[in-house]
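Chain and residue survey
The chain contents come next:
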Amino acid sequence: MKFSLVSVAAVLAISASSASAVMPRSAIIGTQQKASRRRSGRHAAATSTSRDVLNDALRLDGEESHHGVSRAVSLFNLRGGDDDGAGGLMQTLKVGSYFGLWYALNIVYNILNKKLLNILPAPLTVGSIQLLIGSLYSMLLWGTKIRAAPQLTAEGRDKVTKVGFYHSAGQLLSMMSLGAGPVSFTHIVKALEPFFSAAVSVVVFGKRMKPQVYASLIPVVGGVSYACLKELSFSWLAFWSAMGSNLAFALRAVVSKSAMTPSTGENITSTNLFGLVTIYSFIISIPIFLIGEGRSFPGLWSAAIGGEGGKTAMEMVKAIIISGLFHYLNNEVMYLALGNVHPVTLAVGNTLKRVFIIVASVLVFHNPVTKQAAIGSAVGIGGVLVYSLTKQYYEKLEAMEKEA
C-alpha cells in the first residue's frame with residue numbers, strides 16, 4: 001500500500017512536468033520574462049549556474065559536469081510567481097515535494113531491488129528488464145501525446161547510441177554490485193563518483209580545476225578507503241562493480257554533452273533524452289544478459305518461484321515490473337528537482353539522499369556495520385559535500401572573472 005501511494009505521487013509529479021512541457025511557447029516566454037523581471041542580480045547569477053547542473057540530468061546520482069544547453073533549461077525554468085509571499089511559499093513547497101518524492105522513490109527502489117536480487121540473483125537480466133520497462137513507459141507517454149515525442153537525426157542516433165552504451169554499462173554494473181553485497185556498501189563505494197568525474201574531465205576534456213578542488217577529494221577517497229578496509233560484508237565483486245559503475249556514469253556524462261544540442265533532433269529535452277537513452281540502453285543490454293545469464297536464468301527463475309520465499313511466477317513478474325517503474329520514476333522526479341534548485345542545494349540534497357539510503361538499508365536488512373565503516377562513510381560522504389561546495393565556489397569565481 002505504501003509503495004502504491006508513492007507510485008501515484010510520482011505519476012502526478014511527472015504528469016505536472018509533462019503538462020509544463022507542452023505549454024504554448026508564448027506562455028513559456030511570458031512566464032520566463034515575468035520571472036526574470038523579479039529576480040535580483042544575485043538570483044540571476046544562481047540561475048545561470050543552475051543551467052550547468054541541468055545539462056547533467058543524465059547523471060542518476062547527481063555527478064557534476066560543465067555543460068551549457070539552453071533547450072533543456074527552457075523546460076525547467078518555469079518558476080512563475082513571486083520570490084516572496086505566497087509565490088515564494090508555493091515554490092518552497094514544490095521544491096520540497098520534489099526532493100521528498102525523489103528520496104522516497106530512490107530509497108524504495110534500492111530496497112525493492114535488493115530484495116528482488118536476494119530471491120532472483122540475476123542482476124544482468126533484471127537490470128535489462130528494468131531498462132525495458134522504462135523504455136515502454138517513455139513510449140507510452142509519447143504515444144499518448146502526454147509528452148511531445150522526440151525526433152532524432154542520423155547524427156543524433158549516433159550520439160544517443162554512445163550515451164546509451166555507457167548508461168547500460170553503468171546500470172548493469174550497479175545491479176551486479178547490489179546483487180553481490182549490501183546496499184550500504186555499494187553506496188559507500190559510489191560516493192567516489194566525484195573522483196571519477198574529475199579524472200574523466202581532465203583526461204577527456206583536458207579541463208583542470210583549482211588545486212583546492214582536487215584537495216577536497218582527499219577526504220572522499222580516504223573516507224571510502226577507510227570504510228572498506230575492514231568492512232564485514234566486503235565483496236570484491238561488489239567493490240569493482242561499483243567502481244566500474246562510477247567510471248561508466250562519468251563517461252556517460254561526458255558523451256551526453258554532445259547529445260544535448262540542436263543537431264541531435266527535435267524535442268530533445270532532458271526527460272526525452274533520458275527516455276531515448278533508456279531505449280538504446282535496453283537494446284545494448286540484450287546480448288550482455290543473454291551471454292552472461294542466458295543459460296543460467298531459467299534455473300534461477302525456477303529456484304526463485306520454488307524456493308523458501310514461496311513466490312509465485314506472477315508475484316515475481318510484478319516485483320520486477322515495480323522495481324523497473326521505481327527505477328525510471330526515480331530519475332524522472334530527479335529532473336524536476338534539478339530544474340528548481342541552485343547547484344549547492346542539489347549537492348547537499350544528493351549527499352543527504354545517500355545517507356538516507358545507507359541508513360534505510362541497514363534498518364531493513366540489518367547488515368552489521370562496524371564503527372570503522374561508519375566513521376569512514378561519514379568522512380567520505382561529508383567529503384563529497386565539501387568537494388561540491390568547493391567546486392561551486394571556484395566555478396563562481398571563474399565566472400565573475402570572465403564577466404569582469
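Everything that follows concerns the structure shown earlier in this document.
The structure contained in this document is the topic of the report that follows. (Residues numbered from 1 in each chain as written. Predicted model: local features only at pLDDT ≥ 70, side-chain atom pairs only at ≥ 80, totals over all residues. Heavy atoms only, no water.)

**Quick word on the overall build of the chain**
- Looking only at helices and strands, one finds 17 helices and two strands in the chain.
- A total of 404 residues make up the chain; the buried ones form 51% of that total.
- In the chain, once contacts between residues fewer than 6 apart in sequence are set aside, the share between residues at least 24 apart is 87%. (Helix = DSSP H or I, 4+ residues; strand = E, 2+ residues; numbered from the N terminus. Buried < 20%, exposed > 50% of the residue type's maximum accessible area, 1.4 Å probe, protein only. Contact = heavy atoms within 4.5 Å.)

**Notes on a nonpolar patch on the surface**
- Where nonpolar side chains cluster on the molecular surface, the patch consists of Tyr226, Leu229, Ile375 and Val379 and spans about 370 Å² of accessible area.
- Of all the secondary structure elements, the ones that give two or more residues to the nonpolar patch are helix 11 (218-229) and helix 17 (371-403).
- For leucine 229, the location among the structural elements is in helix 11.
- With relative accessibility at 61%, the residue leucine 229 sits in the exposed group. (Patch = residues over 30% accessible without salt bridge, like charges linked within 9 Å, V, L, I, M, F, W, Y side chains within 5 Å. Areas by Shrake-Rupley, 256 points an atom, 1.4 Å probe, with all protein chains shown as cover. Salt bridge = Lys/Arg side-chain N within 4 Å of Asp/Glu carboxyl O.)

**Quick look at the side chain of serine 241**
- Examined against the element boundaries, serine 241 turns out to sit in helix 12 (residues 236-259).
- Ignoring sequence-local partners within four residues, the contact set of serine 241 consists of Leu173, Met176 and Ser177.

**Concerning the pattern of salt bridges**
- Per the counting criterion, the structure on display carries one salt bridge.
- Residue lysine 159 pairs with glutamate 155 through a salt bridge whose shortest N-O separation is 3.1 Å. Residue lysine 159 and its partner glutamate 155 are both found in helix 7 (residues 154-180); the two are separated by four residues, about one turn of the helix.

**Looking at the packing of aromatic side chains**
- On inspection of all chains with the given rule, the structure shows 13 aromatic pairs.
- Seen from their ring centres, tyrosine 103 and phenylalanine 356 are 5.5 Å apart, and the 50° between their planes marks the pair as tilted. Here the residue tyrosine 103 occupies a position in helix 5 (residues 85-119), and phenylalanine 356 occupies one in helix 16 (residues 343-365), the gap between them amounting to 253 residues.
- Under the relative-accessibility criterion, tyrosine 103 is labelled buried at 15%.
- Geometrically, the ring pair formed by tryptophan 236 and phenylalanine 239 is edge-to-face, given 5.8 Å between the ring centres and 90° between the ring planes. Taken together, the residues span about one helical turn, with tryptophan 236 and phenylalanine 239 both in helix 12 at a distance of three residues.
- The exposure class of tryptophan 236 is exposed, given its relative accessible area of 56%.
- Taking the relative accessible area as the measure of exposure, phenylalanine 239 reaches 14% and is therefore buried.
- Members of the aromatic cluster, each reached through a chain of ring pairs, are Phe99, Trp102, Tyr103 and Phe356. (Phe/Tyr/Trp six-rings, centres within 6.5 Å; stacked < 30°, edge-to-face > 60°.)

**Some details on unusual backbone geometry**
- Non-glycine residue lysine 145 carries a positive phi angle of around 65°.
- Following the sequence through the fold, lysine 145 ends up in the loop between helix 6 (123-143) and strand 1 (151-152).
- Classification of lysine 145 as exposed rests on a relative accessible area of 69%.
- Backbone geometry places asparagine 267, a non-glycine residue, at a positive phi of 60°.
- With respect to the helices and strands, asparagine 267 occurs in the loop between strand 2 (265-266) and helix 13 (270-293).

**A short note on the packing of helix 11 against helix 17**
- Relative to each other, helix 11 and helix 17 sit at 160°, their axes nearing to 7 Å. Overall, the two elements helix 11 and helix 17 adopt an arrangement that is roughly antiparallel. Crossing of helix 11 over helix 17 shows left-handed handedness. Contact with helix 11, carried on its side by Pro219, Val220, Gly223, Val224, Tyr226, Ala227 and Leu229, involves Gln372, Ala373, Ile375, Gly376, Ser377, Val379, Gly380, Gly383 and Val384 of helix 17 and no other residues of that element.
- Across the contact of helix 11 with helix 17, the residue classes tally to 10 nonpolar, six polar and no charged. (Axes fitted to C-alpha atoms, helices over the stretch in contact; angles between N-to-C directions. Parallel < 35°, antiparallel > 145°, perpendicular 65-115°, else oblique. Left-handed = near helix turned anticlockwise from the far one by under 90°. Nonpolar A, V, L, I, M, F, W, Y, C, P; charged D, E, K, R; others polar.)

**Re the packing of helix 7 against helix 13**
- The geometry of helix 7 relative to helix 13 is characterised by a closest axis approach of 7 Å and an angle of 65° between their N-to-C directions. Helix 13 is crossed by helix 7, and the crossing has right-handed handedness. For the pair formed by helix 7 and helix 13, the contact residues are Arg157, Val160, Thr161, Val163, Gly164, Phe165, His167, Ser168 and Leu172 on the first element and Leu273, Phe274, Leu276, Val277, Thr278, Tyr280, Ser281, Ile284, Ser285 and Ile288 on the second.
- For the contact of helix 7 with helix 13, the per-class residue count stands at 11 nonpolar, seven polar and one charged.

**Some thoughts on the environment of isoleucine 381**
- Tracing the backbone through its elements, the reader meets isoleucine 381 in helix 17.
- C-alpha of isoleucine 381 to C-alpha of histidine 187: the two residues are 194 residues apart in sequence and 9.7 Å apart in space.

**Side note on the nonpolar core**
- Trp102 and Leu120 are the most contacted members of the largest nonpolar core, which has 38 residues in total.
- Looking at this core, the elements with two or more residues in it are helix 5, helix 6, helix 7, helix 14 (297-306), helix 15 (313-338) and helix 16.
- The greatest single-element share of this core, amounting to 14 residues, is contributed by helix 5.
- Membership of the second largest hydrophobic core comes to 26 residues, among which are Val189, Met209, Leu217 and Val224. (Core = buried A, V, L, I, M, F, W, Y, C linked by side-chain atoms within 4.5 Å.)

**Structural notes on the side chain of threonine 186**
- Note on placement: threonine 186 falls in helix 8 (residues 183-189).
- The exposure class assigned to threonine 186 is buried, which follows from its relative accessible area of 2%.

**A few points about helix 13**
- Here helix 13 spans 32 Å end to end across 24 residues, near enough to the 34 Å set by a 1.5 Å rise per residue.
- Burial of helix 13 is extensive: 17 of the 24 residues sit out of reach of the surface. (Expected span 1.5 Å × (residues − 1).)

**Looking at the environment of alanine 215**
- If you trace the backbone, alanine 215 turns up in helix 10 (residues 211-215).
- For the pair alanine 215 and tyrosine 387, spaced 172 residues apart in sequence, the C-alpha to C-alpha distance is 8.5 Å.

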